[in-house]
Amino acid sequence: LGCAYLIQLTQMEYQLFRYFFPSSDCEALKLVITPLCTILYEIVRPYFIAMYDITSLCSIVSILKAEILDEQFGSEKGEALSAMRPVIEEILADVQERLVYSMQHYIRDEIAYYTPTKEDLTFGESKEEEDKEKEKNGEQKAADFTNLYPAVQNTLLCLSKTYSCL
């Protein structure tokens, strides 16, 4: 919401600047817009720095990349919003850095130091019996990642969430 408001404000400032100074360089406008964008950065940074949830951080990265950088800056409004771009890219870099940090903790806790239970170690035997019963009944096997070893499951989950974000 704050970013949408700042985008609208930046576009209006650009229109005013072009109206009064049609042949001037936009560097003077950047001197006005950048401090406004920095305020947004200072407001949102503590919120995502406090986040640990990989899914939420991935969502923020996706929104920043797709909806703001690609859609807003990639359209005809790109020149009007050029003063915002460095700050939005800085926010994106900070969120990605936090995502990497959260991933490192997740990998350490859920994958590297995973302690298997007795059921995890005997899981393959019961799975083979279930597969044989399904073959007897004529059922086809589908790709089922839920029946994997928990550390492998967690690895695939982590990779699938973060693949497009980094």
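(A) Here's a closer look at helix H1 (residues 2–20). Helix length check: H1 (19 residues) gives 27 Å between terminal C-alpha atoms against 27 Å at 1.5 Å per residue, within 8%. Listed in full, the buried residues belonging to H1 are Cys3, Leu6, Ile7, Thr10, Gln11, Tyr14 and Phe17. Each buried residue of H1 sits inside an arc of 140° when the element is viewed along its axis, so together they form one side. Among the exposed residues of H1, those oriented more than 90 degrees off its buried face are Tyr5, Gln15, Tyr19 and Phe20. Those residues of H1 that are buried lie in contact with helix H2 (27–49), helix H3 (54–74) and helix H4 (85–112).

(B) Quick look at the packing of aromatic side chains. Under the criterion given, the structure shown has three aromatic pairs. Residues Phe17 and Phe21 carry aromatic rings whose centres are separated by 5.4 Å and whose planes lie at 50° to one another, so their mutual orientation is tilted. Since its relative accessible area comes to 11%, Phe17 is described here as buried. Between Tyr19 and Phe20, the ring centres sit 5.1 Å apart and the planes meet at 85°, which makes this aromatic pair edge-to-face.

So, how was this worked out
- Residues numbered from 1 in each chain as written.
- Predicted model: local features only at pLDDT ≥ 70, side-chain atom pairs only at ≥ 80, totals over all residues.
- Heavy atoms only, no water.
- Helix = DSSP H or I, 4+ residues; strand = E, 2+ residues; numbered from the N terminus.
- Expected span 1.5 Å × (residues − 1).
- Buried < 20%, exposed > 50% of the residue type's maximum accessible area, 1.4 Å probe, protein only.
- Arc of directions from axis to C-beta.
- Contact = heavy atoms within 4.5 Å.
- Phe/Tyr/Trp six-rings, centres within 6.5 Å; stacked < 30°, edge-to-face > 60°.

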